[in-house]
Amino acid sequence: MDNQNKPAVRVTIHEMARRLGLSVASVSYALNGRPGVGQATRERVLALARELDWHPSSSARALSRSRTDTIGMVLRRDPELLGNEPYYMHLLSGVESVLSEAGQSLMLRMVGRAQDSEVEGRDIDVYRRWSVERRVDGVIVLDRLIEDPRPALLQSLGMPFVMHGLRIDPDTGQRVIEDLVTDACLIVDHLSALGHTEIVAVTGPLALAHEVARRDAVAAESVERGMRVMFVEGDYTRAGAERVVAERLPQWRRATAVISSNDVMALGIQRMLIDAGRADMAMVSWDDSMLCEISVPSITALARHPEEQGRRTARLLLRAIESEPEQPEPAIPSTLIVRKTSAPACQEGSHAR
């Protein structure tokens, strides 16, 4: 066989120790920058490592530190739907970029929809199994619930975790949810400037804490501006949004604008409004993505920078795993991207049927 076709044989520290006439411990100390060997010995070891193009085994390094070098995430989302939700794809991209730089891996599990009672407890079972099997060093928890059992469980398991979307406020030192009030101001101010006074807001599942915070913020900001809002609960899916519009549109006769809690629902709402002859209704989505950009008409949306959110959450978790104190961080400011659905309010009564 041609030597060039032979598979490369990994050189171990045992082989390096044999070649150098040193103990395995001395080679290990030198490679890992630990005390216990002289400078001359350290340089000999490092020179041989460079010559052999030797790199440490991540699994062996993790084992020596009783670590897995793996971070866990459990999503209450159907696997076939995840690819349709740009927010989560960008979020995962941000998380993965930080973990990759840190030599960490991501273990992802999907256990069904956030509002599906049949999957209740499946995520808890995953956390317990990971803890028993020592599969991960820590977890990122998403979609915080109003009554959420996961923080107490993870604390009881001694598993480091970070609740995505929470941060320590630099001014108060308190742990707070992301700045949804400012986001609500951006949306409501924009619609108010266009003359809208009657609005429909299609929320996500109201079992989720951030959806309740959004609803309350929009309601408060609207009252201050003399606007009225009708809230309708959705499920984040396009089909679900289409059902909502089909069932509720007769009640929206006076409404001139719609706020959608994500971009996927915005597409479903838009399609139904166009089919019903209500294409002149303004639309704003809480999530921006290419879906909003390429839709016809294009949809005004909040750019909330999910990749940067993911990077920050991953950094927080890595610090928590190392027992480093959590540092206050300002909110990541959102930007309102104005597109074709930023239509001025139509004249009152024009939608009477």
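Everything below is about the structure shown above.
Residues numbered from 1 in each chain as written. Predicted model: local features only at pLDDT ≥ 70, side-chain atom pairs only at ≥ 80, totals over all residues. Heavy atoms only, no water.

Caption draft 1: Representation of unusual backbone geometry within the structure. Of the consecutive residues Val-296 and Pro-297, the connecting peptide bond is found in the cis state with omega at -5°. Tracing the backbone shows Pro-297 in the loop between helix 13 (290-294) and strand 11 (300-303). Of note, the phi angle at Arg-134 is positive, near 55°, even though the residue is not glycine. Here Arg-134 shows up in the loop between helix 7 (122-133) and strand 3 (138-141). Residue classification places Arg-134 among the exposed residues on the basis of a relative accessible area of 67%. (Helix = DSSP H or I, 4+ residues; strand = E, 2+ residues; numbered from the N terminus. Buried < 20%, exposed > 50% of the residue type's maximum accessible area, 1.4 Å probe, protein only.)

Caption draft 2: Geometry of the packing of helix 7 against helix 8 (residues 150-157). Closest axis-to-axis distance for the helix 7/helix 8 pair is 11 Å, and the angle between their directions is 10°. Considering their axes alone, helix 7 and helix 8 lie roughly parallel with respect to each other. Facing helix 7, whose interface residues are Asp-123, Ile-124, Tyr-127, Arg-128 and Ser-131, helix 8 presents Arg-150, Leu-153, Leu-154 and Leu-157. A breakdown of the residues in the contact of helix 7 with helix 8 according to their chemical character gives 5 nonpolar, 1 polar and 3 charged. (Axes fitted to C-alpha atoms, helices over the stretch in contact; angles between N-to-C directions. Parallel < 35°, antiparallel > 145°, perpendicular 65-115°, else oblique. Contact = heavy atoms within 4.5 Å. Nonpolar A, V, L, I, M, F, W, Y, C, P; charged D, E, K, R; others polar.)

Caption draft 3: Highlighting the nonpolar core. The biggest cluster of nonpolar side chains holds 23 residues, and the ones touching the most others in it are Val-200, Val-202, Trp-252, Val-258, Ile-269, Leu-273 and Met-283. Counting residues per element, this core draws most heavily on helix 12 (residues 263-275), which supplies 5 residues. If we ignore the near neighbours within four places in the chain, the residues touching Leu-273 are Val-245, Leu-249, Val-258, Arg-278, Ala-279, Met-281 and Met-283. Grouped together as the second largest cluster of nonpolar side chains are 18 residues, Tyr-87, Leu-92, Val-162 and Ile-321 included. (Core = buried A, V, L, I, M, F, W, Y, C linked by side-chain atoms within 4.5 Å.)

Caption draft 4: Highlighting the sheet that holds strand 4 (residues 161-163). Spatially, the 4 strands line up as an open sheet ordered 2-1-3-4, and their pairing is parallel. Two strands close off the open sheet at either side, each with one partner strand: strand 2 (105-110) and strand 4. Each adjacent strand pair in this sheet contributes to an overall mean axis angle of 20°, direction not counted. Across 3 bridges, the pairing between strand 3 and strand 4 is parallel. Paired with Val-139 across the two strands is Phe-161, which belongs to strand 4. Packing of helix 7 onto the sheet brings it into contact with strand 1 (70-75), strand 2 and strand 3, and relative to strand 1 it is tilted by some 165°. (Pairing = 2+ DSSP bridges.)

Everything listed is a geometric property; what it means functionally is a separate question.
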